[in-house]
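Listed here are the chains, written in short residue letters.
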Amino acid sequence: MEHDGISTAKVTVRVNGSSQSAAIDTRTSLLELIRQHVGLTGTKRGCNQGACGACTVLIDDQRVLSCLTLAVQADGREVTTIEGIGDTTQLHRLQSAFIDHDGFQCGYCTAGQICSGVALASEAAAGVPSVVTDDLHADEVDLSLAEIRERMSGNLCRCGAHNGIIAAISEVYGS
Amino acid sequence: MREFSYAKAVDPEEAVRLAGTGARYLGGGTNLVDLMREEIETPTALIDVSGLAQGITETPGGGIEIGAATSNTAVAAHPRVRHDYPMLARAIVSGASGQLRNMATVGGNLLQRTRCAYFYDEAARCNKRSPVSGCDAREGFHRAHAVLGVSEQCIATHPSDMCVALVALDAQVDILGPAGARAVPLEQLHREPGDTPHLETVLAPAELITAVRLPQATVAANSTYRKVRDRASYAFALVSVAAALRVEDGTVSEVRIALGGVASRPWRAHLAERELLGAPATAESFRRAAETEFRAARPSRDNAFKVSLAPRVVADVLEGLIR
Ligand SMILES: Cc1cc2nc3c(=O)[nH]c(=O)nc-3n(C[C@H](O)[C@H](O)[C@H](O)COP(=O)(O)OP(=O)(O)OC[C@H]3O[C@@H](n4cnc5c(N)ncnc54)[C@H](O)[C@@H]3O)c2cc1C
Ligand code: FES
Ligand code: FES
């Protein structure tokens, strides 16, 4: 990263496998970088304060909130947005499951829900416990409905499609 | 958000060197970026310390050292933490959401600021945000506020779940500053508000948290964390309890109790612990000991329920630990 001025910086981020460089104000969030500089608008801005999960993307395969991540913090890292998970010609199997289970209505929260769902599966496989995990000695956590519900609590859906969302994730990753 | 310069530190010494007047350290940014957007925090420089020590190592005494930049998720998932300090793993996963825990660092979690709505609201009076302006929480919406360690000037709660387990585990905080390195017990890191609620910790300007150390503690293997809140997930605590227990012949031989959601800082329940040592391991004596802790409580109009709720939660958690 190079500094052009006191409060500007040049960042280079790999987004969905392609290298993207931009000269930005240091105040730019990763969400703004993705939507306004890279031009990928699948990722949505809901609350812009870390409360809703609509802006969820993956950095180095871990789910994070792009609204509370400064773009400069993503310099040199690998970002995956919903556009990198699947597309209309080749849906990710979780995207297909969302369609089968009515996991959305307006669709505003959906990109965040799917990024979150993909990442929670790898967290559970890596032994990350949740508040409903009984056995902390398990090095891999089976995703029961209760586990999925708890692990998805950071993604709100104002249309109330939660039951469909949980069913879709369970079909693909559930125990 | 005000303008700021940004630099990523490559080692702790460089971070401290870079931290001039107006600078703040940046961990995951989950609290600081939010507060900067509201212009409650207005740093002119951010020193990113999220790339510094990450990971958990064994210490000679059988304990562990956790680098300050380790993510909350990585701490909760670490086998040593899950096996030997289960209350810490459970406290961490009781907080925030999966996304936030991936971003949040240990150093940032320790220093996260209160969630008091008046602290966040520039239009409200808040002695923490702007000293001697008054406190709108006292007569306002304060159901979630503190009853222990409060003052006339401030009744804000320390919001961290992780810190509650850490204070029960006798954690030590390693610090590096312009004047050199030092360590303080976590229990002494946060200040009670008194007349100066804007002074929240004992850290001097530019002091950097580099690590948290947990001593070896056999009792901690039999421990847990329980959080009572308005909804089942993704909400701050009304009352939370971190506890560890050892019982011999029906008598308490070792006990740790710490409380969250009820105090101005992570609260070790020393009075309750002292009363329980050598006492019968029964729900009745657990509850009575916890009530002792709350004799000094100073509830406000709408949070007095915590004074009776907390001892019941303590009793239930300890009962669940009898084996
Ligand atoms: C919607 C939401 C819900 C939440 N729910 C919960 C909850 O239920 N329970 C809970 O416990 N927490 C909760 N949190 C808070 C979350 O745990 C904290 O925001 C997080 O732990 C802060 O870590 P960070 O690394 O992102 O800190 P940052 O935001 O980067 O920093 C926080 C503060 O620490 C300072 N700092 C950071 N690292 C260091 C260091 N190494 N040395 C010195 N100073 C440092 C910064 O300068 C700043 O002042 C929630 C947050 C959000 C947004
Ligand atoms: S927009 Fe990021 S969490 Fe709501
Ligand atoms: S589908 Fe409308 S907000 Fe979730």
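Conventions we followed
Residues numbered from 1 in each chain as written. Chains lettered and ligands numbered in written order. Predicted model: local features only at pLDDT ≥ 70, side-chain atom pairs only at ≥ 80, totals over all residues. Heavy atoms only, no water. Helix = DSSP H or I, 4+ residues; strand = E, 2+ residues; numbered from the N terminus. Rg over C-alpha atoms; globule rule 2.2 N^0.38 Å. Buried < 20%, exposed > 50% of the residue type's maximum accessible area, 1.4 Å probe, protein only. Contact = heavy atoms within 4.5 Å. Areas by Shrake-Rupley, 256 points an atom, 1.4 Å probe, with all protein chains shown as cover. Lys, Arg positive; Asp, Glu negative; His and termini not counted. Charge placed at Lys NZ, Arg CZ, Asp CG, Glu CD. Polar contact = N/O pair within 3.5 Å; in protein donor to acceptor, adjacent residues only side chain to side chain. Near = heavy atom within 4 Å. Pairing = 2+ DSSP bridges. Axes fitted to C-alpha atoms, helices over the stretch in contact; angles between N-to-C directions. Domains from an automatic or database assignment. Buried area = accessible area lost by both parts, 1.4 Å probe. Salt bridge = Lys/Arg side-chain N within 4 Å of Asp/Glu carboxyl O. Nonpolar A, V, L, I, M, F, W, Y, C, P; charged D, E, K, R; others polar. Core = buried A, V, L, I, M, F, W, Y, C linked by side-chain atoms within 4.5 Å. Phe/Tyr/Trp six-rings, centres within 6.5 Å; stacked < 30°, edge-to-face > 60°.

1. A short note on the overall build of chain B
- Across its full length, chain B carries 12 helices and 12 strands.
- Taking 2.2 N^0.38 as the reference for a compact globule, 323 residues should give roughly 20 Å; the C-alpha atoms of chain B span a radius of gyration of 19 Å, in line with that estimate.
- Along the first, second and third principal axes, the C-alpha atoms of chain B reach 60 × 50 × 35 Å.
- The buried share among the 323 residues of chain B stands at 60%.
- A separation threshold of at least 6 residues defines the contact pool for chain B, and within that pool the share at least 24 residues apart is 63%.
- When the accessible surface of chain B is split by element, carbon and sulfur atoms take 51% of a total near 12600 Å².
- Charge-centre separation for chain B: the mean point of 36 positive side chains lies 3 Å from the mean point of 37 negative side chains.

2. A few points about the environment of Thr 105 of chain B
All names here are of chain B.
- Assignment of secondary structure puts Thr 105 in the loop between helix 6 (98-103) and helix 7 (106-110).
- If near-sequence neighbours (up to four positions away) are discounted, Thr 105 is found in contact with Gly 27, Gly 28, Ala 68, Ala 69, Thr 70, Ser 71 and Asn 72.
- A polar contact is formed between the side chain of Thr 105 and the backbone nitrogen of Gly 108, at a distance of 3.1 Å.

3. So, the site of ligand 1
- With respect to spatial proximity, 33 residues lie near ligand 1, and among them Arg 24, Tyr 25, Thr 30, Leu 32 and Thr 105 of chain B are the closest.
- More than one chain approaches ligand 1, the contributing ones being chains A and B.
- Tyr 25 of chain B places a polar main-chain atom, nitrogen or oxygen, 2.5 Å from an oxygen atom of ligand 1.
- In the environment of ligand 1, an oxygen atom lies 2.7 Å from a nitrogen or oxygen atom belonging to the backbone of Leu 32 of chain B.
- The fraction of the free accessible surface of ligand 1 (990 Å²) that becomes covered by protein chains is 96%.
- Elements represented by at least two residues in the shell around ligand 1 include exactly strand 2 (23-26), helix 7 and strand 8 (208-214) of chain B.

4. Quick notes on the sheet that holds strand 3 (residues 45-48) of chain B
Residues and elements named next belong to chain B.
- Pairing is parallel across the open sheet formed by 3 strands, whose spatial order is 1-3-2. A strand with exactly one partner marks an edge of an open sheet, and here the two such strands are strand 1 (5-8) and strand 2. With direction set aside, neighbouring strand axes in the sheet form an average angle of 25°.
- As paired elements, strand 1 and strand 3 share 4 bridges and run parallel to each other. Paired with Ala 7 across the two strands is Ile 47, which belongs to strand 3.

5. Looking at the side chain of Thr 59 of chain B
- Tracing the chain through its elements places Thr 59 of chain B in the loop between strand 4 (56-58) and strand 5 (64-67).
- Once you skip the residues sitting within four places of it in the chain, Thr 59 of chain B turns out to touch Ile 64, Glu 65 and Arg 213 of chain B.

6. Comments concerning the domain arrangement of chain A
Residue and element names in this part refer to chain A.
- Domain annotation for chain A reports domain 1 (2-84) and domain 2 (93-173).
- The gap between the C-alpha centroids of domain 1 and domain 2 is 23 Å.
- At the junction of the two partners, domain 1 supplies 15 residues and domain 2 supplies 14 residues.
- At the boundary of domain 1 with domain 2, total buried surface from both sides reaches about 1200 Å², with 56% on carbon and sulfur atoms.
- Two residues, Glu 123 and Arg 63, come together in a salt bridge whose shortest N-O distance is 2.8 Å.
- Summed over the shared surface of domain 1 and domain 2, the number is 7 residue pairs in polar contact (both at pLDDT 80 or more).
- Sort the elements by how many residues they give to the side of domain 1 that touches domain 2 and strand 4 (residues 56-59) lands first, with 3 residues.
- For the side of domain 1 that touches domain 2, the per-class residue count stands at 6 nonpolar, 5 polar and 4 charged.

7. Describing the nonpolar core
All names here are of chain B.
- Formed by 42 residues in total, the largest nonpolar core has its most connected members in Leu 88, Leu 110, Leu 166, Leu 186 and Leu 214.
- Elements represented by at least two residues in this core include exactly strand 5, helix 3 (72-77), helix 5 (86-93), helix 7, helix 9 (162-168), strand 6 (172-177), strand 8 and strand 10 (239-248).
- When residues of this core are assigned to their parent elements, the largest contribution, 7 residues, is made by helix 9.
- Apart from residues no more than four positions distant in its own chain, Leu 110 is found in contact with His 158, Met 162, Cys 163, Leu 166, Val 173, Leu 186, Leu 189, His 190, Ile 209 and Val 212.

8. Some details on the packing of aromatic side chains
Residues and elements named next belong to chain B.
- Under the counting rule described, the total for this entry stands at 1 aromatic pair over all chains.
- The interplanar angle of 80° and the centroid separation of 6.1 Å between the aromatic rings of Phe 119 and Tyr 120 together place this pair among those described as edge-to-face. Both residues of the pair, Phe 119 and Tyr 120, count as buried.

9. Re the interface of chain A and chain B
- Contacts between the two partners involve 41 residues from chain A and, on the opposite side, 37 residues from chain B.
- Counting the surface lost from both chain A and chain B, the interface buries some 3300 Å², and carbon and sulfur atoms represent 53% of this.
- Sorting the residues of chain A by area buried against chain B places Arg 27, Leu 68 and Leu 136 of chain A first, and these three jointly supply 21% of that buried surface.
- Here Asp 139 of chain A ties to Arg 82 of chain B by a salt bridge, and the two come within 2.9 Å at their closest N and O atoms.
- Counting the contacts that link chain A with chain B gives 20 residue pairs in polar contact (both at pLDDT 80 or more).
- Breaking the side of chain A that touches chain B down by element, the ones donating at least two residues are strand 5 (62-65) and helix 4 (110-125) of chain A.
- The element best represented in the side of chain A that touches chain B is strand 5 of chain A, accounting for 4 residues.

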